[in-house]
Every structure is written in structure tokens, then in C-alpha cells.
Number of protein chains: 2
Amino acid sequence: MRRKSDFRDVFYVSDGTAITSETLGHAVLGQFNLEIRQTTLPFVESVERAQQVKEKIDEAHRVSGIEPLVFYSIVLPEVKAVINQCQAKLYDVLDALVQPLSKDLNMQPNAMLGRSHSISRDVASYQDRIAAIEYTLAHDDGISLSNLDKADIILLGVSRCGKTPTSLYLAMQFGIRAVNYPFIADDMNSLRLPKGIEPYRYKTYGLTIDTERLVTIRNERYANSQYASEGQCESELSKVEAMFRREAIPYLNTTSLSVEEISTRLLDISGLKRRMC
Amino acid sequence: MRRKSDFRDVFYVSDGTAITSETLGHAVLGQFNLEIRQTTLPFVESVERAQQVKEKIDEAHRVSGIEPLVFYSIVLPEVKAVINQCQAKLYDVLDALVQPLSKDLNMQPNAMLGRSHSISRDVASYQDRIAAIEYTLAHDDGISLSNLDKADIILLGVSRCGKTPTSLYLAMQFGIRAVNYPFIADDMNSLRLPKGIEPYRYKTYGLTIDTERLVTIRNERYANSQYASEGQCESELSKVEAMFRREAIPYLNTTSLSVEEISTRLLDISGLKRRMC
């Protein structure tokens, strides 16, 4: 358990979406025993907006009496200058790496070149990603088994083992076209790989989960139902896992994994390349 | 346009999902004129796996004759030590910020405390996020207008202006429960705010898009259709925008914005808090 040892206001400030500042600040702060209150201030592109941000940060300082922590990423020097006057501890999230990289590459950085999370950075890969989301939605939860030749990955498993969020994350974050197909109670008497999926078994993976966890998750949806009963969950899981083994479908237990972890493990196992933009 | 001036192999190496290393490395590299080939190597948790990674990186060095760039984040010192022996330029993505933060806070960092993108870090907020994905899927594309009291945000707009990917991104990244509702051709003669949405207009936002871009996007779906015609697109957009103004629904033009930018702008306008885990 964490000991709550210190309080800090934390601000993520950026002239873009602030997603990079958040991701990094969040990861770094995770290493300290801090109680934090986080505020994200994106699109700080003008001196005016920067002055508003400065007032907000200075106000937090006045109220708490403690210097806030500011993780920021800003290109324009005149906007950056305003942020640098805040009464706070300031961390430029990119600069700490840009400087050594610039030295190692013997190349001057140009902050205007590439904005993270902007459509203009790589239009083709952005459009691929949107198409992947569409494909994945159209192939969620067994809705359709057509066009499986266009799938990057096919996920199988019992209801509520994590297939849908994983598929959407793969599409959203990595531009992966994911199909997911649930086995339901009616399938259980003669469980086999669906005929439509057989030709694509080389890109098919199973998800499974511990019985206890599945019971909890299903009870949140349909409390005290047969569907959520321990007997039903256990039986479905053991039959589906036996099928995965029989059919030599590699599978992954999702019980203690986040959607990010399930997704990146699947990429790792399958050798699929992440498409980033 | 970028000038391709130099080639580098780039590796993202992590004992976790490698999402933080990727996000940061990608943002930093965007400031340099480099032609890069990227490889992500997650879950490097053992000395053995680290040795395999080292071989891979050293092999890239041998083949290209150029030192690869390695962005890494690894907790265990013995695993880190192996990576540090790679014939490459090495960048610890967190360390550059952890050190000054540790000094400013007068607090020792503990890398084991908080792993990014792990379910154990904040179970409640993780479950909120999964629930938000479910809610958002159940309220995609006008499927349902029930339980709108539980929505964080409601998005309106013509077909193919970016509502679905934005809603899913808001849910996936920020744990926001998003409803989206499309206006279709049949609605156009007497366009009004749907009755079910009226009580929730305070959390309702419009998305719009330039005619030319909408024509392109719709043609990708149904080429040369009435639906994709310039006349139809222009008419729908002007009627829907007029309605947004009449009903005082704030709206955003998505033409040149990525899903990340649309989502973070909506959070900014609406004052909704990001839920992160």
C-alpha cells in the first residue's frame, strides 16, 4: 500500500493535446509517494492563453502554499517564456531527451516539424487507424465473419473475458483490424472453431480469464443469473480452453491484465507491427 | 515537406507495455529529420529476454553500420544492465525527469511503485474506463437514447463527421461515457434537437466538417452515391450547423483535427475531467 506522504497540485500544459505530457508526467509521478490533484491544460498556443494558465497555476500555489508541479511541452518561445515564469516546479517533458538526442545525432531539433497526435503528421497512417476502428466495430462480438481476409487478428473467448475493449484498443492505438467472436452457452455442447474462422486460424488467438473474476464481471451485468453462476462460468471456461488446446490456438489469461497489457502482449505473441501516427 | 536526411533503427524497449517509451520516443523523434524503422519490444522482464533484445539491437547495428536509437524504461537493475551494453544510443525515457523531480521533492523514487498501464495501479479508475467503453458502444450512432442521465457528453452531427471514433477515444483514453447521435437525410426537412436529448443540452456538443472533406470520406464508403454528393453534403451540413446555432449547441469543425485533438478540445470546452489510470 502507498503511504500518503505529500500533496501536490500537478498541471499538464501543452500547445497540443497534452497527451504526451500527461502520459509521461503520469509515469514519472507513479514513482513517488504523492497525493496529487491533476489538471490538464491543452492548446496553450498564445501568450494570452499562457497568461491565463500562469494565473491558474499561481493561484494553486497561493491556495496550497506548495509549489505545483508542471509538466509541459510548448514550441513557441514567447509562450514558453510565460509558462517559465509560473511559481512552480517546471519540467519540459521533451527537452530532457531532445538535448542528448540532438548531440548524439549531431542534428538541430526543430520542434515545429512534428506535432504529436496531429492529423497532418502522417495522414495515411491516421486514415488506416480510422478504417481499423470501423472494421473492428463492424466485426465486434461476432456481428460479422465476412471479410476475415482483411483482419489482422481474430480473438475468441467466452462472453465478458475482455475481447471487445481489447479489440477497440488494438484498433484505436495501433491501427490493427481486430475481429472478435464470443462463444455462448449454446455453443458449449459441441464446441469447435467456427467454420468461417478455420482458414484464418494462423491469426486467431484465444482470451481466457479466471472463473472467480468472470463470475464477478458477469454479476455486474446480470446479477444472480445462470449466466453469472460459478458453475456456468467454470464449465464455459474449461470447455473453451480445452478447445483452444485441441485446436492449437494460442491463448492468454486476461485476469490481472489491463487492456493495454492484453493488447501489447497479443502484438508481441503474434508479431503484428504497431501502426503509429 | 521533410527532407530525408538520415536513417536510423529505433527500438522501444520496456518491462511493461512500452506505450510510454513509444509515446515519448515518437514525440521526440518528430523533431528531427530522420528516416526511421521502428521496433517495439515490450515485457522485457528477465535477463534472458534482455539478452535476446540486445542481440536484436546489436544485429541492427551490424547490418546498417549505424548505431540504433533505443528508448527504454526498465526497473530491474540486472535487466537494465544488459540493455545498457547494447551497441546503440540509449535513452532512459523516465530517468531524465525522475532525477530532477526527486531532487525538487526531496524524495527517493521507487520505480516498483507505479507501473504505467497496469491494472493494479488504480483498479477503480480502470473499471470506470471499461464501463465507459461499454456505455459508449451501447450509445453509438443513435442506437439508444436511454440512460442519458449517465452520459458525460453527447455528440451530434451528420453521418461521417467523426462522432464514433471520437466517442470511443473519449471512453478508451479518458473514461468518458459518450453518446453520439447522427442526423440523417430524413431528418433534414424539419431539423431539431431530438426530444430525448433536450433535457441534456447542457452536455451536448456538435461536430461539423468541411463539405469537401465530407464528400471525400463518404465517397470512400459509397462511391458516387447521392449520400456522397456535394449537394447532399453541403445541404446537410448547412442545415445542421444552422440548427446548432439556433439551439445554442457549441460545435467544433473536425476537418483538420485528429481524434485525439477533437477529444481533448471537447474536454477543454466542456470542462470535463479526464479520468486516467
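Residues numbered from 1 in each chain as written. Chains lettered and ligands numbered in written order. Predicted model: local features only at pLDDT ≥ 70, side-chain atom pairs only at ≥ 80, totals over all residues. Heavy atoms only, no water.

- Chain A has the name Putative phosphoenolpyruvate synthase regulatory protein in an unreviewed UniProt entry, where Photobacterium arenosum is given as its organism.
- The heading Function (unreviewed entry) in the UniProt record of chain A holds the text "Bifunctional serine/threonine kinase and phosphorylase involved in the regulation of the phosphoenolpyruvate synthase (PEPS) by catalyzing its phosphorylation/dephosphorylation."
- Taken directly from UniProt, the Sequence similarities (unreviewed entry) text for chain A runs: "Belongs to the pyruvate, phosphate/water dikinase regulatory protein family. PSRP subfamily." (UniProt positions renumbered as here; feature names shortened; annotations may be inferred.)

**Digging into the pattern of salt bridges**
Residues and elements named next belong to chain A.
Moving on, step 1. Scanning the model with the defined rule gives 27 salt bridges over all chains in all.
Moving on, step 2. The partner of E67 in a salt bridge is K89, and the shortest N-O contact between them spans 3.5 Å. Of this pair, E67 sits in the loop between α2 (47-64) and β3 (69-73) while K89 sits in strand β4 (residues 89-92), and the two are 22 residues apart along the sequence.
Moving on, step 3. In this structure E67 comes out as partly exposed when scored by relative accessible area, which is 29%. (Salt bridge = Lys/Arg side-chain N within 4 Å of Asp/Glu carboxyl O. Helix = DSSP H or I, 4+ residues; strand = E, 2+ residues; numbered from the N terminus. Buried < 20%, exposed > 50% of the residue type's maximum accessible area, 1.4 Å probe, protein only.)

**Focus: unusual backbone geometry**
Moving on, step 1. One non-glycine residue with positive phi stands out, namely A18 of chain A, at about 75°.
Moving on, step 2. If you trace the backbone, A18 of chain A turns up in the loop between β1 (7-14) and α1 (19-29).
Moving on, step 3. On the accessibility criterion, A18 of chain A (3% relative accessible area) is buried.
Moving on, step 4. Residue N106 of chain B is not a glycine yet carries a positive backbone phi of 55°.
Moving on, step 5. Looking at where N106 of chain B falls in the secondary structure, it is placed in the loop between α4 (95-105) and α5 (123-138).

**What about the relation of the copies chain A and chain B?**
Turning one copy of the chain about an axis and sliding it along that axis gives the other copy, so a rotation and a shift relate them.
Moving on, step 1. With an RMSD of 0.0 Å, chain A superimposes on chain B once it is rotated by 180° and translated 0.0 Å along the axis. Taken together, the rotation and translation describe the operation of a two-fold axis. Scanning chain A for the C-alpha nearest the rotation axis identifies A96 of chain A, at a separation of 2.9 Å. (Least-squares fit on C-alpha atoms with pLDDT ≥ 70 in both.)

**Regarding the pairing of strand β3 (residues 69-73) of chain B**
Residues and elements named next belong to chain B.
Moving on, step 1. Among the five residues in β3, five count as buried, and that is most of the element.
Moving on, step 2. Neither face of β3 is exposed, since L69, F71 and S73 on one face and V70 and Y72 on the opposite face are all buried.
Moving on, step 3. Alignment of strand β1 (residues 7-14) against β3, held across five bridges, turns out to be parallel. From the neighbouring strand, Y12 faces β3, where its bridge partner is F71.
Moving on, step 4. In terms of strand pairing, β3 meets strand β4 (residues 89-92) through four bridges, oriented parallel. Of the residues in β4, the one forming a bridge with F71 is Y91. (Pairing = 2+ DSSP bridges.)

**Description of the sheet that holds strand β8 (residues 251-253) of chain B**
All names here are of chain B.
Moving on, step 1. Read from one edge to the other, the open sheet built from four strands follows the order β6-β5-β7-β8, with strand pairing classed as parallel. Whereas interior strands pair on both sides, the edge strands pair on one side only; in this sheet they are β6 (178-183) and β8. Strand-to-strand twist across the sheet, computed as the mean angle between neighbouring axes with direction ignored, equals 25°.
Moving on, step 2. As paired strands, strand β5 (residues 153-158) and strand β7 (residues 204-208) are joined by three bridges and run parallel to one another. Paired with I154 across the two strands is T204, which belongs to β7. (Axes fitted to C-alpha atoms, helices over the stretch in contact; angles between N-to-C directions.)

**What to know about helix α8 (residues 230-246) of chain A**
Residues and elements named next belong to chain A.
Moving on, step 1. Its 17 residues give α8 an end-to-end C-alpha distance of 24 Å, which sits within 8% of 24 Å, the value for a rise of 1.5 Å per residue.
Moving on, step 2. Of the surrounding elements, those touching the buried residues of α8 are β5 (153-158), β6 (178-183), β7 (204-208), α7 (211-221) and β8 (251-253).
Moving on, step 3. Once α8 finishes, A248 follows within two positions and takes phi at roughly 55°, a positive value. (Expected span 1.5 Å × (residues − 1). Contact = heavy atoms within 4.5 Å.)

**A closer look at the interface of chain A and chain B**
Moving on, step 1. Of the residues lining the interface, 85 residues belong to chain A; the matching set on chain B comes to 85 residues.
Moving on, step 2. Interface area, chain A with chain B, both sides summed: about 7600 Å², of which 64% is carbon and sulfur.
Moving on, step 3. Together, Q31, F32 and L97 of chain A form the three largest contributors to the area buried by chain A at its contact with chain B, with a combined 10%.
Moving on, step 4. Inspection of the region where chain A meets chain B yields seven salt bridges.
Moving on, step 5. Close ionic contact of D268 of chain B with R49 of chain A constitutes a salt bridge, the shortest N to O distance being 3.3 Å.
Moving on, step 6. The interface formed by chain A and chain B holds 16 residue pairs in polar contact (both at pLDDT 80 or more) in total. (Buried area = accessible area lost by both parts, 1.4 Å probe. Polar contact = N/O pair within 3.5 Å; in protein donor to acceptor, adjacent residues only side chain to side chain.)

**Details of the sheet that holds β8 of chain A**
Residue and element names in this part refer to chain A.
Moving on, step 1. Reading across the sheet, the four strands line up as β6-β5-β7-β8 and stay open at both edges, with parallel pairing between neighbours. Strand pairing shows two members of the sheet lacking a second neighbour, β6 and β8, which therefore form its edges. Neighbour-to-neighbour, the strand axes of this sheet turn through a mean angle of 25°, independent of strand direction.

**Focus on the UniProt feature "binding site: ADP" (unreviewed entry) in chain A**
Residues and elements named next belong to chain A.
Moving on, step 1. Per the UniProt record, "binding site: ADP" (unreviewed entry) is found at G157, V158, S159, R160, C161, G162, K163 and T164.
Moving on, step 2. Examined against the element boundaries, G162 turns out to sit in the loop between β5 and α6 (163-174).
Moving on, step 3. Look at G162 and you get partly exposed, because its relative accessible area is 22%.
Moving on, step 4. Mapping T164 onto the fold places it in helix α6.
Moving on, step 5. For T164, a relative accessible area of 18% puts it in the buried group.

**Quick word on the packing of α6 of chain A against α5 of chain B**
The description of two helices packed together rests on the angle between their axes and the distance between the axes.
Moving on, step 1. Between α6 of chain A and α5 of chain B, whose axes approach to 10 Å, the crossing angle comes to 85°. On the basis of their axis angle, the class for α6 of chain A and α5 of chain B is roughly perpendicular. Contacts between α6 of chain A and α5 of chain B involve T164, P165 and L168 of chain A from the first element and I130, I133 and L137 of chain B from the second.
Moving on, step 2. For the contact of α6 of chain A with α5 of chain B, the per-class residue count stands at five nonpolar, one polar and no charged. (Parallel < 35°, antiparallel > 145°, perpendicular 65-115°, else oblique. Nonpolar A, V, L, I, M, F, W, Y, C, P; charged D, E, K, R; others polar.)

**Comments concerning the environment of A60 of chain A**
All names here are of chain A.
Moving on, step 1. One can find A60 in helix α2.
Moving on, step 2. Take A60: its relative accessible area is 13%, and that puts it in the buried class.
Moving on, step 3. Separated by 196 residues in the primary sequence, A60 and S256 have C-alpha atoms spaced 37 Å apart.
Moving on, step 4. Setting aside chain neighbours within four positions, we find A60 in contact with D9, F11, G65 and P68.

**Here's the deal with the nonpolar core**
Moving on, step 1. Of all hydrophobic cores here, the largest spans 95 residues; its most connected members are F183 and L266 of chain A together with F183 and L266 of chain B.
Moving on, step 2. Apart from the residues within four sequence positions on either side, L266 of chain B is in contact with I153, L155, T166, L170, Y205, L207 and L252 of chain B.
Moving on, step 3. Grouped together as the second largest cluster of nonpolar side chains are 36 residues, V10, V28, L34 and V93 of chain A included. (Core = buried A, V, L, I, M, F, W, Y, C linked by side-chain atoms within 4.5 Å.)

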